[in-house]
Amino acid sequence: MSAAHTDHAAHSHADGHDGHDHHGPVKGWRRWAFATNHKDIGSMYLIFSLTMFLTGGLLAMFIRLELFAPGVQFLDPGKFNSMTTMHALLMVFGAVMPAFVGLANWMIPLQVGAPDMALPRMNNFSFWILPFAFGLLLLTLLVPGGGPAGGWTLYPPLTLQTGDALPMAIFAVHLMGASSIMGSINVIVTIMNMRAPGMSLLKMPLFVWTWLITAYLLIAVMPVLAGAVTMLLTDHFFQTSFFSAAGGGDPVMFQHIFWFFGHPEVYIMILPAFGVVSEIIPTFSRKPLFGYDSMVYATASIAFLSFIVWAHHMFTTGMPLAGEMFFMLSTMLIAIPTGVKVFNWTATMWRGSISFEPPMLFALSFLFLFTIGGFSGLMLAIVPVDFQYHDTYFVVAHFHYVLVPGAIFGIMAGVYYWLPKWTGHMYDMTLAKIHFWASTILVNVLFFPQHFLGLAGMPRRIPDYSTQFADWNMVSSIGGFGFGLTQLLFVYIIWKAARTGAPATDKVWADAKPAGLEWTLPSPAPYHSFETPPVVK
Amino acid sequence: MSANDPAFEAERKRRIRRSVILLTLVALAFYVGFIAVSVSRV
């Protein structure tokens, strides 16, 4: 990003914001129920995602408790399957995606120099859909037949055996999709229409770029998921046979449609984290980002490739050799733009004056551990190898390395980077570093042994296992309990900062000279961000 | 035409409205299109 030079700071606080400070938010519950301010809505998204992260994490604790030792101790197999399904749905749709939408709501207007998002009322609507969607989803645990238990992929015919929960879960997925699509439309029109004068596309911060590309991905694939679950619904209630072999349909077709959504979804969850890391590494290396243009093109290339790799999730369903070759090679191609990014982040740090504040620590952990998840992904892309690893704990280890130290550490890095700008308060650096080290060590204790379990043949989605897998499962569970507890510290750090943290300066990381329009605003950022548009030179 | 100019604002609102309609149509096309392709496949 080369566009931090602005004459905004020199004049507009005096003539722009101060004049508006007297009409801040309305008081009481109306502020939140009828919120149209991007910061309020961003905060609600972030708090909601944290709630879902803790709820999904609690389900993960049940899963690891059951897997602590061989034998069925706490959960019957049906409940266990329900726990894994709900854990995944909550984490993917309730925790990771809303967290990035929260970051987008907070940061995109600040970074492009806009007063707010382009469509504030739709912004309110897209947020308030979510509590109803997840309330509905969680209520399925209480209906006859229990919650959905066929896995987050909702494969028929297994998912069609769900009891009364099926239509509720499908309606919840539709609501989540509608929320995501509205959020994405808002992001795109804000970025394309509300940028400060002088901010050309190639002057935008990387976080804005990655979100722009993510929003296009979302608009393309969320309707596909909605279409797939609509067809599930009609198969179940209206005697259609889209996915029923008995009626001339094909259950494998569901997998093709689902993964046409599902693989881009993986990038929807990781591209904004790339953007966050691309903001943090230059700041704490005290150097401009190496290869800005190539970062943008690499992000776009990853997004494009994500549409033509879906069947690598389905090698074992059986497909022509040419198909296997195509999907294997196209998947491996993704390593090239991803490698460009890892190289650029590393080159940014090269000969930089690096300091290790909590955002940088999380960004570095992201860099190392996400790359491990990327490498195991490359292994899974190899067709004959995938035949061995498919549906084992190796896959569980792979995607958790991508999503936990990848996406979630990216979110935490972003929160630690921008929290002082949001609240006007610094957080406790020592506690944040303890949170970092505990998280980084324990996430490896939790997930690294799962590679060994998978390579030894332990299947995923089972509540019981052979005694040969006992030791590494126990280690993994201990890591899981520790990692779960550590996240309570994260909540405490945020709460403490918001209530009693020392005042933050406007630049926050002044010593590191962070680039970007958000740092030209006071801390906390005023209720109306840029009423006088800054001029980017 | 500056960013605070009413004519600029009107033009920006028009562009935003057009973009929202276009993107909504794209999303609907993906939704209906995939169901339609599935119908023809079955």
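None of the values given here were measured: they were computed from a predicted structure.

A. Structural context of the overall build of chain A. Check the secondary structure of chain A and you find 16 helices and zero strands. Taken over C-alpha atoms, the radius of gyration comes to 23 Å for chain A, in line with the 24 Å a tight globule of 537 residues would show. Referenced to the eigenvectors of the C-alpha coordinate spread, the extents of chain A come out at roughly 70 × 50 × 45 Å. Going through the 537 residues of chain A one by one, you find that 53% of them count as buried. Partitioning the intrachain contacts of chain A with sequence separation of at least 6 by distance along the chain shows that 84% fall at a separation of at least 24.

B. Main features of the overall build of chain B. Along chain B, the regular secondary structure elements total one helix and zero strands. Within chain B, buried positions represent 17% of all 42 residues.

C. Quick look at the interface of chain A and chain B. Each partner contributes residues to the interface: chain A has 24 residues there, and chain B has 18 residues. When residues of the side of chain A that touches chain B are traced back to their parent elements, those giving at least two are α6 (165-193), α7 (206-237) and α8 (251-285) of chain A. Ranked by residues supplied to the side of chain A that touches chain B, first place goes to α7 of chain A with eight residues.

D. Layout of the environment of Ala 298 of chain A. All names here are of chain A. Mapping Ala 298 onto the fold places it in helix α9 (residues 292-305). On the neighbour-count criterion, Ala 298 (21 C-beta atoms within 10 Å) is buried. For the pair Ala 298 and Gly 339, spaced 41 residues apart in sequence, the C-alpha separation works out to 8.9 Å. Beyond its immediate sequence surroundings of up to four residues, Ala 298 is in contact with Pro 337, Val 340 and Lys 341.

E. Quick look at the packing of helix α14 (residues 393-423) of chain A against helix α16 (residues 470-500) of chain A. Residue and element names in this part refer to chain A. One can describe the packing of α14 onto α16 by two numbers: an axis separation of 10 Å at closest approach and a directional angle of 15°. In terms of orientation, α14 and α16 fall into the roughly parallel class. As α14 packs across α16, the resulting crossing turns out to be right-handed. On α16, the residues touching Met 412, Leu 419 and Thr 423 of α14 are Phe 490, Ile 494, Ala 497 and Ala 498. Partitioning the contact of α14 with α16 into residue classes produces six nonpolar, one polar and no charged.

F. Layout of the nonpolar core. The biggest cluster of nonpolar side chains holds 181 residues, and the ones touching the most others in it are Val 96, Ala 228, Val 277 and Ala 413 of chain A. Not counting residues up to four positions away in its chain, the partners in contact with Val 277 of chain A are Trp 345, Ala 363, Phe 366, Leu 367, Gly 410 and Ala 413 of chain A.

G. Expanded view of the packing of helix α15 (residues 429-455) of chain A against α16 of chain A. Residue and element names in this part refer to chain A. Two elements in contact, α15 and α16, have axes separated by 8 Å at closest approach and are oriented at 155°. On the basis of the axis angle, α15 is roughly antiparallel to α16. The handedness of the crossing between α15 and α16 comes out as left-handed. Its residues assigned to classes, the contact of α15 with α16 comprises 18 nonpolar, nine polar and no charged.

H. Main features of the confidence of the model for chain A. All names here are of chain A. For chain A, per-residue confidence averages 93 on the pLDDT scale, and 96% of positions sit at 70 or higher. The weakest mean pLDDT in chain A belongs to helix α1 (residues 8-17) at 41; the strongest belongs to α15 at 98. Scored below 50 in pLDDT, residues 1-21 makes 40 contacts in the model with residues more than four places away or belonging to other chains.

I. Main features of the confidence of the model for chain B. When pLDDT is averaged along chain B, the result is 87; 88% of the residues meet or exceed 70. For this predicted complex, the interface confidence score (ipTM) comes to 0.89, while the overall pTM stands at 0.93.

J. Highlighting the environment of Val 402 of chain A. Residues and elements named next belong to chain A. Looking at the secondary structure, you find Val 402 in helix α14. Residue class for Val 402 comes out buried when judged on the 22 C-beta atoms lying within 10 Å of it. Between the C-alpha atom of Val 402 and that of Gly 374, which follows or precedes it by 28 residues, the distance is 7.0 Å. Look past the residues within four positions of Val 402 in its chain and what remains in contact with it is Ile 270, Phe 370, Gly 373 and Gly 377.

K. The arrangement of the environment of Thr 371 of chain A in detail. Assignment of secondary structure puts Thr 371 of chain A in helix α12 (residues 358-381). Sequence spacing of Thr 371 of chain A and Thr 338 of chain A is 33 residues, and the spatial spacing of their C-alpha atoms is 9.1 Å.

L. Quick look at unusual backbone geometry. Residues and elements named next belong to chain A. Put simply, Pro 156 and Pro 157 share a cis peptide bond, and its omega is 5°. Of note, Pro 157 is situated in the loop between α5 (120-139) and α6. Phi is positive for Leu 154, which is not a glycine, with a value near 55°. For Leu 154, a count of 23 C-beta atoms within 10 Å corresponds to the buried category. Positive phi, normally seen in glycine, also occurs at Arg 286, with a value near 55°. Within the fold, Arg 286 resides in the loop between α8 and α9.

Reading the values: the criteria
As a convention, each chain's residues are numbered from 1 in the sequence order in which they are written. Think of it this way: whatever chain is written first is A, whatever ligand is written first is 1, and the rest follow in order. A pLDDT threshold of at least 70 governs which residues receive local features in this predicted model, and a stricter bar of 80 or more applies before side-chain atom pairs are shown or counted, although totals over entire chains, interfaces and linings include all residues. Runs of H or I in DSSP of at least four residues are treated as helices and runs of E of at least two as strands, each being numbered from the N terminus. Our radius of gyration is a C-alpha quantity, and the globule rule it is checked against amounts to 2.2 Å times the number of residues to the power 0.38. Here a residue counts as buried when 20 or more other C-beta atoms sit within 10 Å of its C-beta, as exposed when there are 12 or fewer, and as partly exposed otherwise, the C-beta atoms being derived from the backbone. Once C-beta atoms are placed from the backbone, any two residues with those atoms within 7 Å are in contact. All axes here are fitted lines through C-alpha atoms, helices being fitted over the stretch that makes contact, and every angle between N-to-C directions spans 0 to 180 degrees. Each angle is binned into one of four classes, with values under 35 degrees roughly parallel, values over 145 roughly antiparallel, values of 65 to 115 roughly perpendicular, and all other values oblique. Two helices that cross are described as forming a left-handed crossing if the nearer one is turned anticlockwise from the farther one by less than a right angle, and a right-handed crossing if clockwise. Amino acids outside the nonpolar list (Ala, Val, Leu, Ile, Met, Phe, Trp, Tyr, Cys, Pro) and the charged list (Asp, Glu, Lys, Arg) are all regarded as polar, and Gly is one of them. For this analysis, nonpolar core means a set of buried Ala, Val, Leu, Ile, Met, Phe, Trp, Tyr and Cys residues linked through C-beta atoms within 7 Å. Residue-level confidence of the predictor, termed pLDDT, takes values from 0 up to 100.

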